[in-house]
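# Architecture and fold: a report
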Amino acid sequence: MPTLAELQQAAYHAELVAGRRLARNSGLPERDALMQTLQRSGVPLPRLLAERTRARAELAMKAAERKQRQADAWAQKNAQKYPPAHTGWTAWFDGSARPNPGRIGLGGVLKNPNGELVELCTAAGHGDSNEAEFLALIAILETALRLQAAPLTVYGDSRVVIDSLRSGSHAGALSEHHARARALLAQLPNAVLQWIPRRRNTAADALSQRATSVPGSDRPAINF
């Protein structure tokens, strides 16, 4: 025979209330009163208990799956906002032209696994913003190669630069810079290019802007 605890676990809230009321009014033990209440459904008690147990297990499984989906969605949503920490090198680059076309400024930041930084802030002649972006990437890759930075993740906000290098082809006036960047990447086999929005590239952007705004600005990368 089922115990009171087993009956209570299978009963719905209304059945629990009705069972207590019956026990109070009839003087029956709470277990017997609840058993009678459950039997009013017309379903044999063993079958009723089995069905209720199975239904509760299914609800618990669905709740767990829903919770896991919510956790997965949160992790996916925040993966770009909060990228996981790693033990490799990290770099950011940005190029600016003032006006466009105009004076080119290159900005970059390279961070080693210990958190130490190398900054790149240098003027680079005259050109447009796309040329400036390529030259900034080339400058930061040359610095990374000199410091043997590996593995390396490079972040930039230029779709033109990153998409063209990922596709492996680029024509026109930028083809020379494209080829130079690919040659440097080939010497850094563990390097990964990653696009980020401009708001997450503020340090490199500020350095590139400084290089165009200060006459004679030329601050090359500094070794550790």
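### So, the nonpolar core
Ranked by internal contacts, the top residues of the largest apolar core, which has 32 residues, are L110, L137, L141, L152 and V154. Among the elements that make up this core, the one with the highest residue count is helix α5 (residues 129-146) (ten residues). Once residues within four sequence positions are removed from consideration, L141 is found in contact with L152, V154, A181, L184, L185 and L188. With ten residues, the next largest nonpolar core counts L34, M35, L38 and L45 among its residues.

### What about the pairing of strand β2 (residues 102-111)?
In terms of burial, β2 is a largely internal element, eight of the ten residues being buried. Where strand β1 (residues 89-98) and β2 come together, nine bridges link them in antiparallel fashion. In the strand pairing of β2, T90 is matched with K111. Between the end of β1 and the start of β2, which pair antiparallel, lie three residues.

### So, the side chain of T143
Looking at where T143 falls in the secondary structure, it is placed in helix α5. Of the polar contacts made by the side chain of T143, one reaches the backbone oxygen of A139; its length is 2.9 Å.

### Some thoughts on the confidence of the model for the chain
In the predicted model, the chain carries a mean pLDDT of 86, and the fraction of residues at 70 or more is 88%. For residues 216-224, every residue scores under 50 in pLDDT, and the model assigns this stretch 31 contacts once sequence neighbours within four places are set aside.

### Digging into helix α8 (residues 202-213)
Given 3.6 residues to a turn, an α-helix orients residues that are three or four positions apart in the same direction. Its twelve residues place the ends of α8 16 Å apart at the C-alpha level, agreeing with the 16 Å of an ideal helix rising 1.5 Å per residue. Residues of α8 that are buried: A204, D205, L207, S208, A211 and T212. Take α8 and look down its axis: the buried residues cluster within an arc of 165°, on one side only.

### Quick look at unusual backbone geometry
Each neighbour pair has its own omega, and for N100 with P101 the value is 0°, a cis peptide bond. In this structure, P101 sits in the loop between β1 and β2. The linkage connecting A150 with the following residue, P151, adopts the cis geometry, with an omega of -10°. Position of P151 relative to the elements: it lies in the loop between α5 and β4 (152-156). Unusually for a residue other than glycine, Q148 sits at a positive phi of about 55°. Tracing the backbone through its elements, the reader meets Q148 in the loop between α5 and β4.

Criteria and thresholds
- Residues numbered from 1 in each chain as written.
- Predicted model: local features only at pLDDT ≥ 70, side-chain atom pairs only at ≥ 80, totals over all residues.
- Heavy atoms only, no water.
- Core = buried A, V, L, I, M, F, W, Y, C linked by side-chain atoms within 4.5 Å.
- Buried < 20%, exposed > 50% of the residue type's maximum accessible area, 1.4 Å probe, protein only.
- Helix = DSSP H or I, 4+ residues; strand = E, 2+ residues; numbered from the N terminus.
- Contact = heavy atoms within 4.5 Å.
- Pairing = 2+ DSSP bridges.
- Polar contact = N/O pair within 3.5 Å; in protein donor to acceptor, adjacent residues only side chain to side chain.
- pLDDT = per-residue confidence, 0-100.
- Expected span 1.5 Å × (residues − 1).
- Arc of directions from axis to C-beta.

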